[in-house]
Amino acid sequence: MKRIETTTDRMGGLNAVYAIPLSCFGDIEMDYATGRYTITLSSTDGVLALPTDGGEACSFDEQHDRDDNGDYWQPVVSGVIPSPGVDNAIDIEALERGEWLVLCEDGLGNLRLCGDADVQLTFATETVSGVASSERNQVSYTFTGKLGHPSRILATTLDELFID
C-alpha cells in the first residue's frame, strides 16, 4: 500500500522566485526512484531573480482540471515588486514581453519548476501608486500558464544551480 506522506510544518509564502528564459534552460531529468527532478541551466546570464519580501508577498498556486484534450495544470506564481521605478523598468518590460520558466522555492524549501521547453509562462502586471502615503507603491505580478503536467518538484537545490 502507498501512503501520502505529510508534515506538520506548513510555512507559507515563497522564499525565492526566478524567471528563466528558454535560452538559459539546459535540461531536466527525472530520478525514477524518488520521483524528483533535477535541472541544469546552460547559462545564468538571462535569469532574473524577483524580490520575495521575506516570503510574505509571494505565492504559488496550481489548479488541476480536465477538458476535452485531457488533464492540465495551471500554475500561478504571484508576487510584488516594491517601489517600481526607472531602475526596474527595463527588466519589468522584458518580463512582460517574454515567456518564462519559473523556479520558485516555498517556505518549506521545496523547489518547483513551472513550465518546460514546450510551454512557458507569461508575466502580467498591475502597477499602482496607492491613494494615500500609507499605501504601497508597487508592481503586482503574476506568472501563469497551462501545462500538460504539474509543476515539477526538484531535487536540485538553488546552491547547485547558482554557484558563484
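These lines cover the structure that appears in this document, whether it is placed above or below. (Residues numbered from 1 in each chain as written. Predicted model: local features only at pLDDT ≥ 70, side-chain atom pairs only at ≥ 80, totals over all residues. Heavy atoms only, no water.)

### Quick notes on the packing of aromatic side chains
Link 1 in the chain: Across all of its chains, the model carries 3 aromatic pairs by this definition.
Link 2 in the chain: Their ring planes at 25° and their centres at 5.4 Å tell us that Phe123 and Tyr141 sit as a pair that is stacked. Here Tyr141 lies in strand S10 (residues 138–144) and Phe123 lies in strand S9 (residues 121–128), a separation of 18 residues in the sequence. In this structure, Phe123 and Tyr141 share a single accessibility class: buried.
Link 3 in the chain: Taking the centre distance of 5.7 Å and the plane angle of 75° together, the rings of Tyr141 and Phe143 count as edge-to-face.
Link 4 in the chain: When its relative accessible area of 1% is taken as the criterion, Tyr141 is described as buried.
Link 5 in the chain: On the accessibility criterion, Phe143 (0% relative accessible area) is buried.
Link 6 in the chain: The positively charged end of Lys146 is found above the aromatic ring belonging to Tyr72, 4.1 Å away from the centroid. (Phe/Tyr/Trp six-rings, centres within 6.5 Å; stacked < 30°, edge-to-face > 60°. Helix = DSSP H or I, 4+ residues; strand = E, 2+ residues; numbered from the N terminus. Buried < 20%, exposed > 50% of the residue type's maximum accessible area, 1.4 Å probe, protein only. Lys NZ or Arg CZ within 6 Å of the ring centre and 35° of its normal.)

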